[in-house]
Amino acid sequence: MHAARRAASALCSRGPAVLRRVYTTPSSAPSADPSAASTSSDSSPPSPPTYTPPLSPGQLEIYDLSLSLLLSDKARKLDQLSSLRAELPTLPADAQALAQKKLSKLEVDAEINDPEVRWRHKRGLGDLSLPVYRYLREAQWRKEGALDLLMERLWQMHVLPDVLPWVDPTVEMRVRFQGGEDVEPGGYLTPEHTEKEPEIYTTAFHMEERYYTLVMVDPDVPSPATSSYTTFLHWLIPNIPLTCLSPSPLPLPPALQPYIPPHPQAGTPYHRYTLLLLPQRGLISRMKAPLRRGFSLRDFVRTYDLTGGPVQGAPPRALVGAHKGAKKGPKVKVNTGAEVGGGGAHMFREVWDESVPGIHERAFGTPELRYGKPKTVDPYLDEEGVRPRRYY
């Protein structure tokens, strides 16, 4: 028992040295020590808080033993990580892919139980250039309700499959108007509040630079010609570069179709304004500006191959019978090929109010159109619009 205590004390005494053993990768570097921040000027921003262990060594035996176990496990995995990284170039090509997966897992496992790492992640101080902080941030987004709420609203409000048949977001996307708070997915906003384009806040979980296309559509614009609804394109920006280190709000390149504010038509129910960050295969050098009214997002996704990676949970692309159990007859596809695996998604709702006529006038230079059900004609009314008495 005394030997265990001595070992625990020794490990705890060298704990800070182990905690500072942050692995480095070709695309990342350890974060700077906050305690080294310059304090020479009173006008400089305050330095971030530094981690302090809750207990000093020797105050609680079980705490010392637990900490010694965590530190020894971290030291062992960091040694494995160094050995595997040195061995990687000597491996054959087919074994390098498997070793790279193990390397990525070790980069997270070596740090994930570090008390300081957990402390920094909880306070939003994690360096997303390090895999462990990207892993913890993505797990928080996926498992603590934010992604579940988004997907619930997309299905509940029938954005899926009205706008797209299926989406599987991999980027956390948040929307703010006029410097306000984050818009809750599916929440109601007023047309006056959304007259200026929103700020897009993102948290990506990939280190390499990828390109995305930002699209904002309204699928609830009335179409008298078809006695139904059509889609209006409010905003289109291609070739947006994004990494896990991209600043927020996201700097946006010039728009292919500039922002037109929401203007829900009078006489219609609520409108579902949907924003999507669609993953590109690469830089798109030529993209034709589509028409705004009657815009087909599904055709647009297929034309420019904005489907991203494999879509989790989507039905397979297979030919099946037109009817269940039919042996003969026409064959149809299970899905459309417009399912998007990756990128970001968001949506909010609006209804008509007294500010819409002015917004429509400023955006289009014409008075707004009003819609509604046609009046029912009473065949028993006379020329003066009076219903004759039934009995005389």
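Throughout this description, residue numbers start from 1 for each chain and increase along the sequence as written. Where totals are concerned, whole chains, interfaces and linings use all residues; where local detail is concerned, this predicted model gives features only for residues with pLDDT of at least 70, and gives and counts side-chain atom pairs only at 80 or more. Remark: hydrogens and water are excluded; side-chain values derive from all non-hydrogen atoms of the structure.

### Some details on the pairing of strand β4 (residues 210–223)
Thinking step 1. The classification of residues rests on relative accessible area computed with a 1.4 Å probe and restricted to protein chains. Under 20% of the type maximum is buried, over 50% is exposed, and intermediate values are partly exposed. Numbering of helices and strands runs from the N terminus, with a helix taken as a DSSP run of H or I at least four residues long and a strand as a DSSP run of E at least two residues long. The element β4 is extensively covered by neighbouring structure, given that twelve of its 14 residues are classed as buried.
Thinking step 2. Where β4 meets strand β5 (residues 228–242), eleven bridges bridge the pair, whose relative direction is antiparallel. Across the sheet, L214 pairs through a bridge with I237, a residue of β5.
Thinking step 3. Hairpin connection, β4 to β5: the antiparallel pair is bridged by four residues, and S227 has positive phi, about 50°.
Thinking step 4. DSSP calls a pair of strands paired once it identifies at least 2 bridges connecting them. One ladder, built from six bridges, connects β4 with strand β6 (residues 271–279); its direction is antiparallel. Bridged to V217 within β6 is T274.

### Considering the packing of helix α3 (residues 61–87) against helix α4 (residues 93–109)
Thinking step 1. Only the contacting stretch of a helix is used when fitting its axis, a line to C-alpha atoms as for every element, and angles between N-to-C directions run 0 to 180 degrees. At a closest axis distance of 10 Å, the pairing of α3 and α4 adopts a crossing angle of 150°. Comparing the axis directions of α3 and α4 gives the class roughly antiparallel. Judged by the sense of rotation from one axis to the other, the crossing of α3 with α4 is left-handed. Between α3 and α4, the contacting residues are K77, Q80, L81, L84 and R85 on the first element and A99, K102, L103, L106, E107 and D109 on the second.
Thinking step 2. Lys, Arg, Asp and Glu make up the charged group, whereas Ala, Val, Leu, Ile, Met, Phe, Trp, Tyr, Cys and Pro make up the nonpolar group; the residues left over, Gly among them, are polar. Here the contact of α3 with α4 is built from residues that sort into five nonpolar, one polar and five charged. Should an angle fall under 35 degrees it is called roughly parallel, over 145 degrees roughly antiparallel, and 65 to 115 degrees roughly perpendicular, with every other angle called oblique. Note on convention: the crossing is left-handed when the near helix lies turned anticlockwise from the far helix by less than a right angle, right-handed when the turn is clockwise. Pairs of residues are marked as contacts when any of their non-hydrogen atoms sit within 4.5 Å.

### As for the sheet that holds β4
Sheets are built from strands paired through backbone hydrogen bonds, the pairs being either parallel or antiparallel.
Thinking step 1. In space, the four strands of this open sheet follow the order β5-β4-β6-β10, with antiparallel pairing throughout. What marks the edges here is a single partner per strand, and that holds for β5 and β10 (344–350). The average angle at which neighbouring strand axes cross in this sheet is 15°, direction not considered.

### Notes on a nonpolar patch on the surface
Thinking step 1. Patch definition: residues above 30% relative accessible area lacking any salt bridge, with like charges linked at up to 9 Å and the nonpolar side chains Val, Leu, Ile, Met, Phe, Trp and Tyr linked at up to 5 Å. Accessible areas in this description were obtained via Shrake-Rupley with a 1.4 Å probe; residue shielding takes into account the shown protein chains only. Each salt bridge in this description consists of a side-chain nitrogen of Lys or Arg and a carboxyl oxygen of Asp or Glu lying within 4 Å of one another. On the surface, L60, I62 and L65 cluster together to form a nonpolar patch covering roughly 250 Å² of accessible area.
Thinking step 2. Position of I62 among the secondary structure elements: in helix α3.
Thinking step 3. Overall, the relative accessible area of 55% leaves I62 in the exposed class.

### Re the side chain of T230
Thinking step 1. In this structure, T230 sits in strand β5.
Thinking step 2. Sequence-distant contacts of T230, that is, excluding residues within four places in its chain, are made with D218, P219, D220, V221, S223, R293 and G294.

### Notes on the pattern of salt bridges
Thinking step 1. The tally for this structure, following the rule as stated, stands at 21 salt bridges.
Thinking step 2. The residue K105 makes a salt bridge to D109 at a minimum N-O spacing of 2.6 Å. Taken together, the residues span about one helical turn, with K105 and D109 both in helix α4 at a distance of four residues.
Thinking step 3. Given the relative accessible area of 54%, K105 is considered exposed.

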